[in-house]
Structures are given as structure tokens and as C-alpha cells.
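# Structural characterization, general
Here is what each chain is made of, one letter per residue.
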Amino acid sequence: MTTSGQEIWSIKVDKSGIVKMAGEIDYTVTPKIRAGLLAYIEKTQGTLILDLSQLNYLDSSGLAVFIEARRHLVDKGRTLQIVSVTPEVKKIFQLTQVDKLFGL
Amino acid sequence: MQRVHSSSSVSAAMRLKKLIAANQALAQVESLSSLLPVLLRFAKDVTNALAASILLYKPETGTLEFSLAINEQPGAAEQIISQKFELKLGQGIAGCVAQTRESIIVEDAQNDQRFYRKADEATGFVTKSILCSPIVYREELLGVVQVLNAKDKDLFENEDLDILESFSHLAAVAMIRSRLLEKKLAQERMQVQLDAAARIQANFLPKIPDLGQESHIFAVSKPAIFVGGDFYDLIPMPDGSIVVCVADVSGKGLPASLVGASLWSKLRSLALPDLSSGELLQQLNSAMYDVLSQQLFATLVIARYWPVDGRVSLALAGHLPPAVVSNTSIQYLSELKGQPVGIDPVVHFGELTITLPVDSSLLLVTDGVTEARNEKREFFGEQGMEDHLRQNPGPPWGESLVAHVESWRGNVDASDDLTVVEIWRKAG
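Every value quoted in this text rests on a predicted model; they were computed, and no experiment measured them.

Secondary structure summary: chain B contains 11 helices and 16 strands in total. Here chain B has a C-alpha radius of gyration of 35 Å; the compact-globule value for 428 residues is 22 Å, and the former is much larger. By its C-alpha atoms, chain B is 115 × 40 × 30 Å across when sized along the principal axes. Looking at chain B as a whole, 40% of its 428 residues qualify as buried.

Shown next as C-alpha cells:
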């Protein structure tokens, strides 16, 4: 799955199946990201691994997408794990106290 | 015998007159539904044809659909439309024109391999000659116009095709114009609704109550786009306390505000005097779990304040920690634990009781303050907020903080809903 909109954000899946999100995610692009991520979850198995090392900004609607994706995975007996994250985005997970849900 | 009045210059002048009349009539038409019949009558008239039709291109299916037809043979036009014939790109003369985007003159349709016979079979009309021209605006194919069976002669001529082509250019411009007009009208209708919704949301916010001599409240909530997912509430309790709530539904705009309205009314119905702040959040979470249906979440902070002695009982759901602010210190209540509402059906929320000292404030904000961005895409941040609190004497600080964020933001549109609620104690 490769998706990108305008020049600000992109999602790529690398060879080992790690989903890398880059740029800035806000409410103008979350519907596309949500659709892409949920479709990807349907096509795959096991733990979904997210690399957010290039993601500089995430707003509450983006966070809601991650929470929803995690819910879908948990319902299927799977999990979501964030392996790398920028300090700014990590702060958002920590401030809303959902960091532990994502292995942060 | 000499032929009378069939010289090309006379017919050219006649055609030009008709084209000018057509342009004038097209300029008057405002809606797409009345535009196409006018277009078609002129196409047929200007080329002096027996029949004419417009097929519109549907990009989602890649097909042409008969949209309108005129035919001097009674009943034929109605039949063409009711049969709902569809032509793929490349199918029939119309399909070829749509595919190549080049006009075609057909002198003998019955013996032309490209000709699509089903329409004639359905109507009994016998197509002899065809003039067909694409309706294209810039790179976009809008459809095709065709005229059939020249009336005063055996075949259509190149001059007729020239006319039809000029005509289809006019038609393309007119169709785009009316499409833009419809979009503009739809936007205007939407704008009226959004303005009304914004007024309604503003009315939801409660009046600031009087807390006596020593205690004061400031509260403001500003949506980023007309309506938003932030709200605050101030609910007086029979024992003289007041339950203060600041909430932030994920996202912004209409979806967030609809959920916010539901959350607000649920909060009001659950806020009973014998519930602790943590229990209130717990009940709210259970009640809202389905409404949020795991696609949205809301962060909240609840602070129940007793003006009589400055006691505050707090609980928090994934929200920015409140700050106790005085002229000498800023203390965040980060020990309050609890995840946002709407993620899990059963959640435990930590609680904390403090006493708000005199000459200090309890400041509750949403991330619209810290996430505010200026032209250089810098964030106002916690630093910006703390700088403001340190550099200005108080209490209060809330109103000036909001003004500071707005002027700092400058001409940039707000990127998030912004809410600030401040409770402060000052010696009466």
C-alpha cells in the first residue's frame, strides 16, 4: 500500500511489512489514511508494525485512526506496535495517556 | 435552369445568424436542466437537420448515455430516451467521436460499419446522414452532440460540421458554467447551515455563574471551523459547588461537534451531587462508548469546585493536565491518570483533591492553545503558554492568554478548536 496526498504525508509498506508513515497527518487527510490502513489490516496477518520515525505531526483525528485500527486488530486477536516515533508525536500519545496501548 | 440561392455565401450568412442567436440564448440559461433542450433545438435548427441528440459522458462507467433527443418523426425521440441506450467509447459513431475527440461526417449511415443500429431498430427512424461532434472543455470530455438527416439536401457539408463544432464549443462552456453555478449554489446553501449551526453551538455554552466575592470563572470556547468538538460546561450543584468540565472530541468540524453535543447532554444528565469526579467520568465513558463507536474519542477534565473553601476535586480522561498558577509558580496536576473516553468500555479514572490557594488560578485548556500555529508553522506550545503566565501578573490569566494566542497566530486560520476555562480566587 502506498498512498500520499499533496506533498505533506505518505505511507509506504517496506519489504518486511512494516508500515512507515511520514510527514504530517491531520484531519484533512485522515479519512484516506483510515481507509488505507483498515484495508491493509484486512489483507494481512499478525502484528501490525508502525514506523513513525518520519512523522512530525499527528492531530487528534489521526490519533483516533490509530486507536480504531488497534481496536480492529485486537478484535481479531492481533496487535499494533509502534517501533519508532518522533518526540513530538510521542508526546501526543503520552499526554492522552494511550502510549501504553501502542507499546510506547 | 439556374439554381437559386444555394450559393455558399448566402447559407453561410444564414448559419452565422443562427449561431449568434444560439449564443445569445445560451448566455441566458442558468440551470443545466433547461440548458440542454435549448442547446439541442439550436443544434438541429442551425444545421437544418431532421433529428438531433445529445449524449452525456459518464466517466465512472466510460459510457455515453442518451440524455436528450429531438426528432421530427413523432415518438422517436421519446423511444430513444426510454430505451436508455448506452454506448461504450468506440461504439457507434458517437462512441468513435467520444474516443477520438474528433468530429465525424457520415454520408451513408446504413452502410457504415461503425454505425450503431439498435436505435433505428427501436424507433423505426432510418438514419441516412450524421454529423457528430465531441463536447470537450479543456481536457475533459463532457459528451457528444449529433444531428441526423440533412433536410434540404442529401448530405451534411463541411460548413455544417464547422457550425456544429463551434456550437459544441459553446455548449461545453455553457455546461461548465452551469456546473460551476450549481456548485456555488450548493456551497452557499451549506454556508447558511453552518452559520446556523455555529449560532446554536454558541448557545449551548452555559452562562458564567456568580461564585460570590472571592471566586471567579472565565470561560471561552472557539471552534476552528464554524462548529467544533470542544466544549466546556459549568454545572451548579445544590451544595454550592460547581462542576466544571472541559472536553475535546477528536477531530474538528461537524462530526466532532455532533458527538460533542451528545457528550454534553449526557454529561448534564449524569452530573449528580453524590458522584465523585472519577465516577462521573466512568459513567460518561460507559454511556458514550457506543456513540463514539470506537472511531472517535474524547478527552475531558472534570473539576468540582467549592467556592466556600477553594477545594477542588478533579479527574481526567486523557486530557492536558490542569495547571495551578500563581505569580510565583506553575504546577501541572500530572498525577491525574485516566485514558480518553470512548476507547475501552470500562475504565478507571484517578482522582485528586486539592485546595486552590487565594491569588491563584486553576487553568483548564484544550490543545487548541498549545497546538496553535503561526505563519512560520511554529507551535505556540506549553512554552508559549508558560511564558505568558510568567510575564503577566494575575490572576486572572485566561482572557489575556486567549488574546495572546490569537494575536500570535496572526492571519493563519485556527488549526484546532480552542477552549480556556479559568477558576481563580482573589481576596474579596
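Now that the structure has been shown, the text picks up again.
Parsing chain B into structural domains produces domain 1 (8–183) and domain 2 (206–425). Put simply, the middle of domain 1 of chain B and the middle of domain 2 of chain B, counted by C-alpha atoms, are 63 Å apart.

Residues and elements named next belong to chain B. Taken together, the 5 strands give an open sheet; going across it, the order is β8-β9-β10-β11-β14, and neighbouring strands pair in antiparallel fashion. At either end of the open sheet lies a strand with only one pairing partner, and these are β8 (230–236) and β14 (351–355). Ignoring which end each strand starts from, the neighbouring axes of this sheet average 15° apart. Looking at chain direction, strand β9 (residues 242–249) and strand β10 (residues 298–306) are connected through 8 bridges and run antiparallel. The residue bridging Val244 from the neighbouring strand is Ala303, located in β10. Contacts from helix α7 (residues 253–270) reach β8, β9 and β10, with the element oriented near 160° to β9.

Turning next to unusual backbone geometry. All names here are of chain B. Between Gly394 and Pro395 the backbone carries a cis peptide bond, its omega angle lying at 0°. Residue placement: Pro395 occurs in the loop between α10 (381–391) and α11 (398–409). Note that the residue after Pro395, namely Pro396, is joined by a cis bond; omega there is 0°. Among the secondary structure elements, Pro396 is positioned in the loop between α10 and α11. Unlike most non-glycine residues, Asn48 shows phi in positive territory, near 55°.

Quick look at the interface of chain A and chain B now. Opposite the 13 residues of chain A that make contact, chain B presents 17 residues. Sort the elements by how many residues they give to the side of chain A that touches chain B and helix α2 (residues 60–75) of chain A lands first, with 7 residues. Across the side of chain A that touches chain B, the residue classes break down as 6 nonpolar, 4 polar and 3 charged.

Here the focus is the pairing of strand β3 (residues 19–25) of chain A. All names here are of chain A. Bridge count for strand β2 (residues 9–13) against β3 is 5 bridges, and the pairing is antiparallel. Directly across from Trp9, in β3, lies its bridge partner Gly23. Where β2 hands over to β3, the hairpin turn is made up of 5 residues, of which Gly17 adopts a positive phi near 85°. Judged from the 6 bridges that link them, β3 and strand β4 (residues 48–58) form a sheet pairing that is parallel. Across the sheet, Val19 pairs through a bridge with Leu50, a residue of β4. In this fold, β3 hands off to helix α1 (residues 30–43), which returns the chain to β4; that crossover is right-handed.

Another aspect to go through is the packing of α1(A) against α2(A). A packed helix pair is summarised by two numbers, namely the angle formed by the two axes and the spacing between the axes. All names here are of chain A. Two numbers describe how α1 lies on α2: the axes approach to 10 Å, and their chain directions differ by 15°. Compared by their axis directions, α1 and α2 come out roughly parallel. Taken as a pair, α1 and α2 cross one another with a handedness that is right-handed. Residues Thr30, Ile33, Arg34, Leu37, Leu38 and Ile41 of α1 pack against Ser61, Gly62, Val65, Ala69, His72 and Leu73 of α2.

Spanning 16 residues, α2(A) covers 22 Å between terminal C-alpha atoms, matching the ideal 22 Å at 1.5 Å per step. Inspection of α2(A) places A:Ser60, A:Ser61, A:Gly62, A:Leu63, A:Ala64, A:Val65, A:Phe66, A:Ile67, A:Glu68, A:Ala69 and A:Arg70 among the buried residues, and these make up the whole buried set. Close packing links the buried residues of α2(A) with β3, α1, β4, β5 (80–85) and α3 (87–95) of chain A together with β9 of chain B.

The next point concerns the environment of B:Ser415. Looking at the element boundaries, B:Ser415 is found in the loop between α11 and β16 (418–425). Measuring from C-alpha to C-alpha, the distance between B:Ser415 and B:Ser33 comes to 40 Å, with 382 residues separating the pair along the chain.

Below, the discussion takes up the sheet that holds strand β13 (residues 330–332) of chain B. All names here are of chain B. Read from one edge of the open sheet, 5 strands run β7-β16-β15-β12-β13, paired in antiparallel fashion. Each having just a single partner strand, β7 (215–222) and β13 make up the two edges of the open sheet. Along the sheet, successive strands turn relative to each other by an average axial angle of 15°, direction set aside. For strand β12 (residues 323–325) and strand β15 (residues 360–365), the ladder comprises 3 bridges, and the chain directions are antiparallel. What sits directly across from Val324, in β15, is Leu362. Across the sheet, α11 lies against β7, β15 and β16, angled at about 155° from β16, the strand it touches most.

Residue and element names in this part refer to chain B. Of all residues in chain B, 97% attain a pLDDT of 70 or more, and the chain-wide mean is 89. Confidence drops under pLDDT 50 across residues 1–6; counting only partners more than four residues distant or on other chains, this segment forms 1 contact. Under the prediction, the complex receives an ipTM of 0.84, its pTM being 0.71.

Cut-offs applied
Residues numbered from 1 in each chain as written. Chains lettered and ligands numbered in written order. Predicted model: local features only at pLDDT ≥ 70, side-chain atom pairs only at ≥ 80, totals over all residues. Helix = DSSP H or I, 4+ residues; strand = E, 2+ residues; numbered from the N terminus. Rg over C-alpha atoms; globule rule 2.2 N^0.38 Å. Buried ≥ 20, exposed ≤ 12 C-beta atoms within 10 Å, placed from the backbone. Domains from an automatic or database assignment. Pairing = 2+ DSSP bridges. Axes fitted to C-alpha atoms, helices over the stretch in contact; angles between N-to-C directions. Contact = placed C-beta atoms within 7 Å. Nonpolar A, V, L, I, M, F, W, Y, C, P; charged D, E, K, R; others polar. Right-handed = clockwise from strand over helix to strand, strands pointing away. Parallel < 35°, antiparallel > 145°, perpendicular 65-115°, else oblique. Left-handed = near helix turned anticlockwise from the far one by under 90°. Expected span 1.5 Å × (residues − 1). pLDDT = per-residue confidence, 0-100.

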